[in-house]
Amino acid sequence: MAEVDAARPMTLAELATWLAAPTRAEELCALAGTPCIFVELDGAPWPSIAGNPNCPVVSVTDRADVPDVVDVVVADADAGMQVAEAVQRNPIAAMVLVRLLRHNQGVGVGDRLYAESLAYSALQHGAEFRAWLQARTRREPRPEPDAPAVLLTRAGDELRITLNRPHKRNAYSSGLRDALCEALAYAVDDPSVARVVLDGAGASFSAGGDLDEFGEATDAGIAHASRMARSAGVLIDRLRDRIEARVHGACIGAGIELPAFAGRVVAREDAFFQLPEVGMGLIPGAGGTASILPRIGRRRLALMALTGMRVDASTALEWGLVDAIEN
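Rules and cut-offs
- Residues numbered from 1 in each chain as written.
- Predicted model: local features only at pLDDT ≥ 70, side-chain atom pairs only at ≥ 80, totals over all residues.
- Heavy atoms only, no water.
- Pairing = 2+ DSSP bridges.
- Helix = DSSP H or I, 4+ residues; strand = E, 2+ residues; numbered from the N terminus.
- Contact = heavy atoms within 4.5 Å.
- Axes fitted to C-alpha atoms, helices over the stretch in contact; angles between N-to-C directions.
- Salt bridge = Lys/Arg side-chain N within 4 Å of Asp/Glu carboxyl O.
- Buried < 20%, exposed > 50% of the residue type's maximum accessible area, 1.4 Å probe, protein only.
- Phe/Tyr/Trp six-rings, centres within 6.5 Å; stacked < 30°, edge-to-face > 60°.
- Lys NZ or Arg CZ within 6 Å of the ring centre and 35° of its normal.

### Looking at the sheet that holds strand E10 (residues 264-267)
On the basis of which strands lie adjacent, the open sheet formed by 6 strands has the order E5-E6-E7-E8-E10-E13 and mixed pairing. Pairing within the sheet leaves two strands with one partner each, and these edge strands are strand E5 (150-155) and strand E13 (324-325). Here strand E8 (residues 243-247) runs beside E10; their pairing, made up of 4 bridges, is parallel. What sits directly across from valine 247, in E10, is alanine 267. Across the sheet, helix H7 (residues 174-189) is in contact with E5, strand E6 (158-163), strand E7 (195-200) and E8; its angle to E6 comes to roughly 175°.

The following block contains the structure:
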């Protein structure tokens, strides 16, 4: 059989043949020089495909029905090249992402979060993330103001939880996480709280993980155990029927991963959404592969995460990432 030709799309029949031979299937992987595969969807009946390659499978098509083996669907060749270029920059993180999404679409929230945490913890110690850390310009952390990281306001049976680090666009630090988990646990434990509103102070709901803390994890096992022991996503999911997230401005990384757990997400017109983690050699790590997956589906989530594309509020509404736009 010929070697993989990344410049020529495979047919589904060819892909099925490659995957059927174990030694050939190993070549469909970034470690063997194949960071991603393009497949063309012709009119022939789709063959039965055993297994999945260890790299993203991309199709350029306008068809609504595509075989399960396809991870990403794009409308034209230019968009396809953007995906390919993003994958080539961080092929291991891209591989982990698509394999995780394939797994997570068939399991419940708890298992999704467990698998995501294991994958994220492993990538934190990978070469791609280390290269990103070394390349970025480090700045002295800003001093924290003398104010709580999360504000609680109770009015009758409604509890408002407000992220309160506006000086850092509500970057999701360990301190903010702990305060948010405490607030959410209070709502979970108090049945008199009939409604919870989650919002953010300042110009943005949340610009995602606090970059000043990136790279601090030195033990993958402890990082995984910590993530499992204290998860804002788990608590928001438990409050799903009682909680509404109101988002605005930058909603990046955790800034959309966490709100997506809520039963209702309301965005302002200025809201925009991004998942930049693969570009750092990571994957979403605040629960996005559990929360966003059922809202927009595996292929749109893969497209967002692989490319780091910016999604505006109207597109987010069309996809189901948010439930309403209000100002």
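### Overview of the pattern of salt bridges
Using the criterion set out here, one finds 20 salt bridges in the structure. Of the charged contacts, one joins aspartate 68 and arginine 298 as a salt bridge, the two residues approaching to 3.2 Å between their closest N and O atoms. In this pair, aspartate 68 sits in the loop between strand E3 (57-60) and strand E4 (72-74) while arginine 298 sits in helix H13 (residues 298-307), placing the two residues 230 residues apart along the sequence. Using a relative accessible area of 6% as the deciding quantity, one classes arginine 298 as buried. Of the charged contacts in the structure, one is a salt bridge between aspartate 190 and arginine 154, with a shortest N-O distance of 3.5 Å. A residue pair is termed long-range when its members are at least 10 positions apart, and aspartate 190 in the loop between H7 and E7 and arginine 154 in strand E5 qualify at 36 residues. Classification of arginine 154 as partly exposed rests on a relative accessible area of 34%. Via salt bridges that share partners, Glu158, Arg195, Glu244, Arg246, Arg264 and Glu326 belong to a single interconnected network.

### Looking at the packing of aromatic side chains
Enumeration over the complete set of coordinates arrives at 1 aromatic pair. Summarising the aromatic geometry, the rings of phenylalanine 129 and tryptophan 132 are spaced 6.0 Å apart at their centres and angled 15° between planes, so their arrangement reads as stacked. With a gap of 3 residues between them, phenylalanine 129 and tryptophan 132 both fall in helix H6 (residues 127-135), about one helical turn apart. Residue class for phenylalanine 129 comes out buried when judged on its relative accessible area of 2%. Over the aromatic face of phenylalanine 272 sits the side chain of arginine 310, whose NZ or CZ is 3.6 Å from the ring centroid.

Fair warning: the whole summary comes from geometry, so function is off the table for now.
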